[in-house]
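Structure assessment
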Amino acid sequence: MTKDNCCCSGGTTTILACSGGSNVGQITNEVAKRLDVAGVGKFFCLAGVGGQISGMLASVEGSDRVLVIDGCPVACAKKILAAADLDGYNYVVVTDLGIEKAHDFTLSEQDIERVMSACKASLANPPAKEVQQ
Amino acid sequence: MKNLQVLGTGCPKCKKLAEMTEQAAKELGIEYELTKVTEISEIMTFGIMLTPGLAVDGEVKVAGKLPSVEDIKKMIA
């Protein structure tokens, strides 16, 4: 939201990334940033959702679509949303795309592009049933 | 006394939410103070990224949606 955009025109896609301490976690962060810059959606603060900040919870609830990106099957982002009773989102897990988790922060451009494509493809479809609950 | 804050820069939806909130409060017969928070820097302190928003006693109840008067009543009761 900026001074010139009150963000009430609808069609909002919110992007939440686990942004964790691994290569795949940081890929989620980088992808979320790039999707925001590309205008695909708005990168939003998962920590605020986890912290139960009322404005942040209400903003996610008020979004037309939500894309959640987890780095690995530990699924911290998914669990944070479950704890906040938020469901019905599109969901991408980086390791599901064949990218191996490591404690290495030299991110591959190829990996980032692969996850970007997967996120865009996910958003082309309705939220998956398994996360609608 | 309920502190009702309508969060929005002043677009038609924000104004509509203020009107509906006032209507809901009057129909409930509660004591309230309604303020319109229009400065973007102040709106951001509530942690919202979508407007319009409604905060009741400092807690954001809705953002990015225009709820019905009946829903607003439940939020402010």
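Residues numbered from 1 in each chain as written. Chains lettered and ligands numbered in written order. Predicted model: local features only at pLDDT ≥ 70, side-chain atom pairs only at ≥ 80, totals over all residues.

With respect to the overall build of chain B
Here is the rule we go by: We count a stretch as a helix when DSSP gives it H or I for four or more residues in a row; a strand needs E for two or more, and each element gets its number in order from the N terminus. In this description the radius of gyration comes from C-alpha coordinates, and the expected globular size is given by 2.2 Å times residues to the power 0.38. Any residue pair is listed as a contact if its two C-beta atoms, each placed from the backbone, are within 7 Å.
In terms of helices and strands, chain B carries 3 helices and 4 strands. Listed by position from the N terminus, the elements making up chain B come as β-α-β-α-β-β-α. Here the C-alpha radius of gyration of chain B, 11 Å, is about what a compact globule of 77 residues would show, namely 11 Å. Counting only C-alpha atoms, chain B reaches 30 × 20 × 15 Å along its principal axes. Sequence separation of 24 or more characterises 64% of the internal contacts of chain B that already satisfy a separation of 6 or more.

A look at the sheet that holds strand S1 (residues 2-7) of chain B
Basically, it comes down to this: We treat two strands as partners when DSSP finds at least two bridges between them. For every element, the axis is a line fit to its C-alpha atoms; helices are fit only across the contacting stretch, and the angle between N-to-C directions ranges from 0 to 180 degrees.
The 4 strands lie next to each other as S2-S1-S3-S4 (chain B), forming an open sheet whose pairing is mixed. Edge positions in the sheet fall to strand S2 (32-37) and strand S4 (59-63) of chain B, since each has one partner strand and no second. Averaged over all neighbouring strand pairs, the angle between strand axes comes to 20°, with direction disregarded. The sheet contact formed by S1(B) and S2(B) spans 6 bridges and is parallel. Note on S2(B): the bridge partner recorded for Val6(B) is Lys36(B). Packed on one face of the sheet, helix H3 (residues 54-61) of chain A meets strand S3 (53-56) and S4 of chain B and runs near 10° to S4(B). Running over the sheet, helix H3 (residues 69-76) of chain B touches S1, S3 and S4 of chain B and is turned about 30° from S3(B).

Considering helix H1 (residues 12-28) of chain B
Residues and elements named next belong to chain B. Note the following rule: Here, expected helix span is obtained from the residue count minus one, scaled by 1.5 Å.
Between its terminal C-alpha atoms H1 stretches 24 Å, which fits the 24 Å expected from 17 residues at 1.5 Å a residue. Looking at the buried residues of H1, the elements they touch are S1, S2, S3 and H3. Backbone geometry just downstream of H1 places Gly-29 in the positive-phi region, at approximately 70°.

Some thoughts on the interface of chain A and chain B
Stated precisely, the cut-off is as follows: Gly is placed with the polar residues, together with every amino acid not listed as nonpolar (Ala, Val, Leu, Ile, Met, Phe, Trp, Tyr, Cys and Pro) or charged (Asp, Glu, Lys and Arg).
Listed as interface residues are 17 residues of chain A and, on the opposing side, 22 residues of chain B. Secondary structure elements with two or more residues in the side of chain A that touches chain B: strand S2 (42-44) and H3 of chain A. For the side of chain A that touches chain B, the element with the most residues is H3(A), which contributes 5 residues. Residues belonging to the side of chain A that touches chain B are distributed by class as follows: 8 nonpolar, 7 polar and 2 charged.

Section: the environment of Pro127(A)
For Pro127(A), the location among the structural elements is in the segment after helix H5 (109-123). As for Pro127(A) and Asn29(A), which are separated by 98 residues in sequence, their C-alpha atoms are 21 Å apart.

Quick notes on the pairing of S1(B)
All names here are of chain B. The line we're drawing: By convention a crossover is right-handed if, when the strands point away from the viewer, the path from the first strand over the helix to the second runs clockwise.
The handedness of the S1 to S2 crossover, carried by H1, is right-handed. Of the pairings in the sheet, the one linking S1 to S3 comprises 4 bridges and is antiparallel in character. Along S3, the bridge assignment pairs Leu-4 with Val-56.

Structural notes on unusual backbone geometry
Geometrically, the link from Thr51(B) to Pro52(B) is a cis peptide bond, its omega value of 0° lying close to zero. Relative to the helices and strands, Pro52(B) resides in the loop between helix H2 (40-44) and S3. Phi at Asp85(A) is positive, roughly 60°, even though this residue is not glycine. Its place among the elements puts Asp85(A) in the loop between helix H4 (76-83) and strand S4 (90-93).

Some points on the pairing of strand S3 (residues 65-70) of chain A
We apply this condition: Three exposure classes are used. Buried residues have 20 or more other C-beta atoms within 10 Å of their own C-beta, exposed residues have 12 or fewer, and partly exposed residues fall in between, all C-beta atoms being placed from the backbone.
In terms of residue burial, S3(A) counts as a mostly covered element, since 5 of its 6 residues are buried. The parallel pair S3(A) and S4(A), bridged by H4(A), forms a crossover whose chirality is right-handed.

Regarding the nonpolar core
Counted only if it meets this: By definition, a nonpolar core groups buried Ala, Val, Leu, Ile, Met, Phe, Trp, Tyr and Cys residues that connect through C-beta atoms lying within 7 Å of each other.
In this structure, Leu16(A), Ala17(A), Val68(A), Ile69(A), Ala77(A) and Ile48(B) are the most contacted members of the largest nonpolar core, which totals 55 residues. Broken down by element, the residue count for this core peaks at 6 residues, all from H1(B). Setting aside chain neighbours within four positions, we find Ala17(A) in contact with Thr28(A), Asn29(A), Val31(A), Ala32(A), Leu46(A), Ile69(A) and Ala77(A).

Describing the packing of H1(B) against H3(B)
All names here are of chain B. What counts is decided by this rule: Geometric relationships in this document are graded by angle, where less than 35 degrees denotes roughly parallel, more than 145 denotes roughly antiparallel, 65 to 115 denotes roughly perpendicular, and other angles denote oblique. Crossing chirality is assigned from the near helix's rotation relative to the far helix, an anticlockwise turn below a right angle marking it left-handed and a clockwise turn marking it right-handed.
Running from amino to carboxyl end, H1 crosses H3 at an angle of 65°, the nearest separation of the two axes being 9 Å. Comparing the axis directions of H1 and H3 gives the class roughly perpendicular. For the crossing formed where H1 meets H3, the hand is right-handed. Residues Met-20, Thr-21, Gln-23, Ala-24, Ala-25, Glu-27 and Leu-28 of H1 lie in contact with H3, whose contacting residues are Val-69, Ile-72, Lys-73 and Ile-76.

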